[in-house]
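Survey of secondary and tertiary structure
Take a look at the letters that make up each chain.
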Amino acid sequence: MASPSTSVDLSAALVLEPVAALDWLVILPVAWCIAIGAILMMIRSKTRLHAPIAIAALCGLAGLDAGLLWHVSQSGPVTMVMGRWLPPFGIAFTVDLTGALFALTASIVAIAAAVAAAGEIDASGRRYGFYPFLMLLMAGVSGAFLTGDIFNLYVWFEVLLISSFGLLVLGSERQQIDGAVKYGFLNLVATTLFLVATGYLYGIFGTLNMADIAAKAPALAGRAPLVTLVALFLFAFAMKAAAFPVNFWLPASYHTPRIVVSALFAGLLTKVGIYALIRTGVMLFPVQRQELGAVMALVAILTMLSGALGALAQADIRRIFGYLVISGIGSMLAGIAIGGADGIGGVIFYALHSMVVMTALYLAAGFAARLGGSVSLHALGGLYTRHGLFAGLSLVLFFSVSGLPPFSGFWPKVMLVKAALDSGAGWLAGALLLTGFLTMIATGRLFLLAYWRPAPAQASPLMPLPWTDLLPLAMLTALSVVIGLFPESLLSLVQAAAQTLIAPSAYLQSVFPAGSAP
Amino acid sequence: MEPVFALLTGIFFTVAIYLLLSKMIIRMLLGVAILGNAVNLLLFTSGRILREVPPVIGAGLDVPAGPVANPLPQALILTAIVISFAFFAFLLVLSWRAYGTLKTDNTDEMRVAEPDDATPPPMGY
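Worth saying up front: this structure is predicted, and the values here are computed from it rather than measured. (Residues numbered from 1 in each chain as written. Chains lettered and ligands numbered in written order. Predicted model: local features only at pLDDT ≥ 70, side-chain atom pairs only at ≥ 80, totals over all residues. Heavy atoms only, no water.)

**Quick word on the overall build of chain B**
Our working rule: The way it works is that DSSP assigns letters per residue, a run of H or I at least four long becomes a helix, a run of E at least two long becomes a strand, and they are numbered from the N terminus. Atoms counted for the radius of gyration: C-alpha only. Globule rule: 2.2 Å times the number of residues to the power 0.38. Type-normalised accessible area, obtained with a 1.4 Å probe on protein chains alone, sets the label of each residue: buried when under 20%, exposed when over 50%, and partly exposed for intermediate values. For this analysis, residues touch if any pair of their heavy atoms sits within 4.5 Å. Here, Shrake-Rupley sampling with a 1.4 Å probe gives the accessible areas, and only protein chains in the shown set may cover a residue.
Helix and strand counts for chain B come out as 3 helices and 0 strands. Mapped in sequence order, the helices and strands of chain B form the string α-α-α. In terms of overall dimensions, chain B is more spread out than a globule: its C-alpha atoms have a radius of gyration of 23 Å, far above the 14 Å expected for 125 residues. Across its three principal directions, the C-alpha atoms of chain B cover 85 × 35 × 30 Å. Looking at chain B as a whole, 35% of its 125 residues qualify as buried. A sequence separation of at least 24 residues applies to 58% of the contacts in chain B between residues at least 6 apart. Accessible surface for chain B amounts to roughly 7500 Å². Of this, 69% is attributable to carbon and sulfur atoms.

Dropping the structure here:
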C-alpha cells in the first residue's frame, strides 16, 4: 500500500506552549496525596512517624487547594490537559469555583480527621495502613472534584471507594464486617450503574469531556434519549449520595467503623455524590434535569423526612448522626430540584456546611463515647457536668445542623427556602422547614438525655482526656461559627460558582480556547 | 453486528440482576462478576463495532488509510476490567471473612450492625 503520506498538522490537537507555573495547581492536589500515601506505605513499620507526616501533608494539601481557589477566583476556570493532547483527545482536569471550593473544604475536614486519628488510631491500626488509606481517599476525593472528564470521574470514584473499603474494615470487628458487606455491595453496584450511564453517554456523544458534552447537549436534545441517560446518572449518584429509596446502606454501615473513619465518610463521601449530581444535572443536562424536577423534588422530600424521622427513632448517637447525614442530603437534592442560581448556590453552600458540621458531629460522638463510656442514649448522661466546654461545642453543632442562626447551617437553609418560595414550590419550602424542626427535636432530645440528664449511678469513672483530643472538634466548630457570623465572602463565592455552573461559557472557554474547538 | 451484542448485553444484565437480588452472598458475588462483564460489553458496543480492522496506521502514513475500529472503548474497558477485578477480589475476601466471623452467608441473618431487638430511645428522665 503505497498511498502518498498525508501530512497531518498536529499543532491543532496539541498544546505546544509550556504549562504556566500556576496552572500546575490543578493537578498537584491529587499527585501530592498519592505521593505522600506511597511514602507512608514505604515507612509503614515506623508507625510513630505516620501521624505527623500525614497531618503536615494534609495542611500542605489545604494550602494547595487554597491557592487553587485563589487562582480560579482570579482568572476563571483553569484547565490542564494530560500529555499535551487537547480535549476531546486528551484527558482534561478542569477546575471551576465549585470544584475548588469543595476540594478546599474536603482538605480542611481531612486535617481535622487526621488530628483526631492521632489520638484514636492505635499502632496496629496505623500498621494496617490508616494514614495511607486516608491519603488515597483524599486523592480520590480531590480527583473527583477537579477532573473535567466523565470517565476520569468514574476512576476517581473507584479510587475513593477502594480506600473507603480499607478504612471501613480497619479493626475487623463483627459489626464492621457486617456493615462493610452491605456498604461494599451497594456502592459497587452504584459505581457500576455510573459506568453504564457513561457507556451510553459515550455511545450518544462520542466524547467523555464534560465541556464537550455541555456544548453538544442542546443540539442533541430532541434526537437522543437524553432524559433516560440523565435519569440513569441521577439514580447512580443518588445511590452514592444516599437519597431516599437507595439509602439503606448508610445507616447500616456508618456507625460501625472507628469514629474518625465515620466522621471522614459522613463529611466527604456522600458529598462527592452531590457534587457529581450538580455537575451532570446542572452543568451538562439542565433541560433534562428540569424535566425530571418533580421526581427529584419528591425524592428530596422523602429523603429529608425519612432522615429526620429516622434520627428521632434511634438510641445510638452514631446512628442518629447517620440519619442526619441523610436528611441533609435531602435538603441538597431539594436545591438541585429547584435549580436556578439561588437554588444551586444554596446546594453548594449546604454541602460545604454539611462537610464541616457532619464531621464535627461524629468527632463529638467519639468524644462523648469516651467521656461517658457508651454510645447509647440509655447509658449516657451528665456530659455537661463532666466537660462544660465540650457540651458547649456540641450545642453549637446541634444548632448548626438544625439550621438555626447564627451558625453555618442557617444561611444555606435560608437560600434554599427562598429559592423554593421564589420558584413557587411552597410545599418544598415547607418540607425544608419541617425537616429543620424535626432535626432540632432530635438533637434537642440528644442534648437533654446525654448532656443534661444526671449521670447514671453506675457511670464509668472519669478518665482524663488530653486537650488535643478536643482540638479538631473545636477547630471545625469554630469554622462553622465563623461561616455563620461572616457569610458574605463565602456567599459571593458560591453565587459566582452557581453562575459558572448554570452558564458554563467560561468553563467551555477554558477547555477549548478560541480556535481549538473540535 | 450491534443488535447481537445488544441482546447479549441484555442477557448478561438480566442474569446479573437476578443473582444480585438473591439472599446468599455467594450468589451476589457471581452477580457482581457478571455485572462487570455486562458493562464491559455495553462499553464495547457503544463504541460501534467494526469487524477485523485494527486501529493501526501503516508504515509511511500519518492517518489510517480507511475506517478502523474505535480504540477508545477498548481503553475504557481495560480500565474497567482492572477495577472491577480488584473489587471482585476484595468482595470475595470480605465475604469469606464474613462467613467465617458471622457463620452465615444469608443476608437476612446478618443483623450484627442493625440488631432486630434494638431498644427504642428512652422517653424521658
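Still to come is the rest of the account.
**Notes on the overall build of chain A**
Formally: Charged-residue counts in this description rest on Lys and Arg as positive and Asp and Glu as negative, His and the chain ends being excluded. All charge positions are set by atom: Lys at NZ, Arg at CZ, Asp at CG, Glu at CD.
Looking only at helices and strands, one finds 22 helices and 2 strands in chain A. Computed over C-alpha atoms, the radius of gyration of chain A comes to 23 Å, within 12% of the 24 Å expected from 2.2 N^0.38 for 518 residues, which places it in the range of a compact globule. With respect to the three principal axes, the spread of C-alpha positions in chain A is 95 × 60 × 40 Å. Buried residues in chain A amount to 63% of all 518 residues. In chain A, 81% of the contacts between residues at least 6 apart in sequence involve partners at least 24 apart. For chain A, the accessible area works out to roughly 17600 Å², and carbon and sulfur atoms hold 70% of it. Both charge centroids of chain A, one from 23 positive and one from 18 negative side chains, sit 12 Å from each other.

**Points about the packing of aromatic side chains**
Residue and element names in this part refer to chain A. Threshold: Whether two aromatic rings pair depends on their centres lying within 6.5 Å, for rings of Phe, Tyr and Trp, where Trp uses its six-membered ring; planes under 30 degrees apart make the pair stacked, over 60 edge-to-face, and the rest tilted.
For the coordinates displayed, the defined rule picks out 31 aromatic pairs over all chains. Here F447 and Y451 contribute two aromatic rings whose centre-to-centre distance is 4.7 Å and whose plane-to-plane angle is 10°, an arrangement assigned as stacked. Highlighted residues: F447 and Y451, both in helix α19 (residues 426–452), separated by 4 residues, approximately one helical turn. Exposure remark for F447: the relative accessible area of 8% places this residue in the buried category. Three or more aromatic residues joined by ring pairs make a cluster, and in this case those are F321, Y362, F367, F390, F398, F447, Y451 and W452.

**A few points about the interface of chain A and chain B**
Stated formally: Buried area adds together the accessible area that both of two parts lose upon being put together, with accessible area traced by a 1.4 Å probe. Salt bridges are counted wherever a side-chain nitrogen of Lys or Arg sits within 4 Å of a carboxyl oxygen of Asp or Glu. We define a polar contact as two N or O atoms separated by no more than 3.5 Å, with the added condition that, inside protein, one atom must be a possible hydrogen donor and the other a possible acceptor, whereas residues neighbouring each other in sequence contribute only through side-chain atom pairs.
The interface is formed by 53 residues belonging to chain A together with 45 residues belonging to chain B. Across the chain A to chain B interface the summed buried area is about 4100 Å²; carbon plus sulfur atoms make up 75%. Ranking the residues of chain A by area buried against chain B places A:R174, A:F185 and A:Y202 at the top, with a combined share of 16%. Scanning the region where chain A abuts chain B turns up 1 salt bridge. B:E114 is the partner of A:R319 in a salt bridge, and the nearest nitrogen-oxygen pair spans 3.3 Å. Linking chain A with chain B are 9 residue pairs in polar contact (both at pLDDT 80 or more). Broken down by secondary-structure element, the contributors of at least two residues to the side of chain A that touches chain B are α6 (150–168), α7 (174–205), α10 (249–253) and α19 of chain A. Sorting elements by how many residues they give to the side of chain A that touches chain B places α7(A) first, with 19 residues.

**What to know about the nonpolar core**
Residues and elements named next belong to chain A. Our working rule: Think of a nonpolar core as a cluster: buried Ala, Val, Leu, Ile, Met, Phe, Trp, Tyr and Cys residues, connected wherever their side-chain atoms sit within 4.5 Å.
Counting residues in hydrophobic clusters, the biggest one holds 222 residues, and the most contacted among them are F130, I278, F285, F321, I348 and F390. For this core, the leading source of residues is helix α15 (residues 340–372), giving 20 residues. Among residues more than four places away in sequence, those in contact with F285 are L201, F205, I213, A217, L226, L229, V230 and T280.

**Side note on helix α3 (residues 71–102) of chain B**
Residue and element names in this part refer to chain B. Our working definition: One fewer than the residue count of a helix, multiplied by 1.5 Å, yields its expected span.
Between the first and last C-alpha of α3 there are 46 Å, a value that for 32 residues agrees with the 46 Å anticipated at 1.5 Å per step. All of the buried residues along α3 are P73, L76, I77, A80, I83, F87, L91, L94, S95, A98 and L102. The backbone nitrogen of L72 has a side-chain oxygen 3.1 Å away, supplied by the residue at the start of α3, namely N70. Backbone geometry just downstream of α3 places K103 in the positive-phi region, at approximately 60°.

**A few points about the pattern of salt bridges**
Working definition: two side chains of opposite charge can pair if their charged atoms are close together. Residue and element names in this part refer to chain A. If you walk through the whole model with that rule in mind, you get 10 salt bridges over all chains. The partner of D178 in a salt bridge is K182, and the shortest N-O contact between them spans 2.9 Å. Here D178 and its partner K182 are both found in helix α7, 4 residues apart, which amounts to about one turn of the helix. Among the residues examined, D178 registers a relative accessible area of 0% and is labelled buried. On the accessibility criterion, K182 (18% relative accessible area) is buried. A salt bridge links R318 to D316; its shortest N-O distance comes to 3.3 Å. Across this residue pair, the class does not change: R318 and D316 are buried. It is possible to trace a salt-bridge network through shared partners that takes in D342, K418 and D422.

**Some details on the environment of A:M210**
All names here are of chain A. Mapped onto the elements, M210 comes out in helix α8 (residues 210–220). Taking relative accessible area as the criterion, M210 reaches 1% and is therefore assigned buried. In the structure, M210 is positioned 62 residues away from G148 in sequence and 5.6 Å away in space, judged by C-alpha atoms. In this structure, M210 is in contact with T147, G148, D149, I150, L153, R279, M283, L284 and Y507, ignoring residues within four places of it in sequence.

**With respect to the pairing of strand β2 (residues 92–95) of chain A**
All names here are of chain A. Filter applied, for reference: One requirement defines pairing of two strands: DSSP has to find at least two bridges between them.
Neither face of β2 is left uncovered, since the one carrying A92 and T94 and the one carrying F93 and V95 both have all their residues buried. Note that strand β1 (residues 78–81) and β2 share 4 bridges and pair antiparallel. Bridge pairing in β2 places V81 opposite A92.

**Digging into the side chain of A:D96**
Residue and element names in this part refer to chain A. Mapped onto the secondary structure, D96 falls in the loop between β2 and α3 (97–120). Here D96 falls in the buried class, since its relative accessible area comes to 1%. Within polar-contact distance, the side chain of D96 engages the side chain of R279 at 2.8 Å.

**Considering a nonpolar patch on the surface**
Residues and elements named next belong to chain A. What counts, and what does not: Within the patch definition used here, like charges are joined within 9 Å and nonpolar side chains (Val, Leu, Ile, Met, Phe, Trp, Tyr) within 5 Å, considering only residues with over 30% relative accessible area and no salt bridge.
Together, L434, F437, M440 and I441 give the surface a local cluster of nonpolar side chains, amounting to about 330 Å² of exposed area. Following the sequence through the fold, M440 ends up in helix α19. The class of M440 is partly exposed, set by a relative accessible area of 33%.

**Describing the confidence of the model for chain B**
All names here are of chain B. Heads up, the rule is: You can read pLDDT as the predictor saying how much it trusts each residue, on a scale of 0 to 100.
Summing up the model confidence of chain B, the mean pLDDT is 87 and the portion of residues at 70 or higher is 98%. When mean pLDDT is taken per element in chain B, helix α1 (residues 2–20) scores highest with 93 and α3 scores lowest with 91. With a pTM of 0.93, the predicted complex shows an ipTM of 0.92.

**Some thoughts on α15(A)**
Along an α-helix, a turn takes 3.6 residues, which lines up residues three or four apart on a common side. All names here are of chain A. For α15, with 33 residues, the first-to-last C-alpha span of 46 Å sits near the 48 Å given by 1.5 Å per residue. When you tally the buried positions in α15, you get 29 out of 33 residues, the bulk of the element. Looking at the residues trailing α15, positive phi occurs at G373, about 80°.

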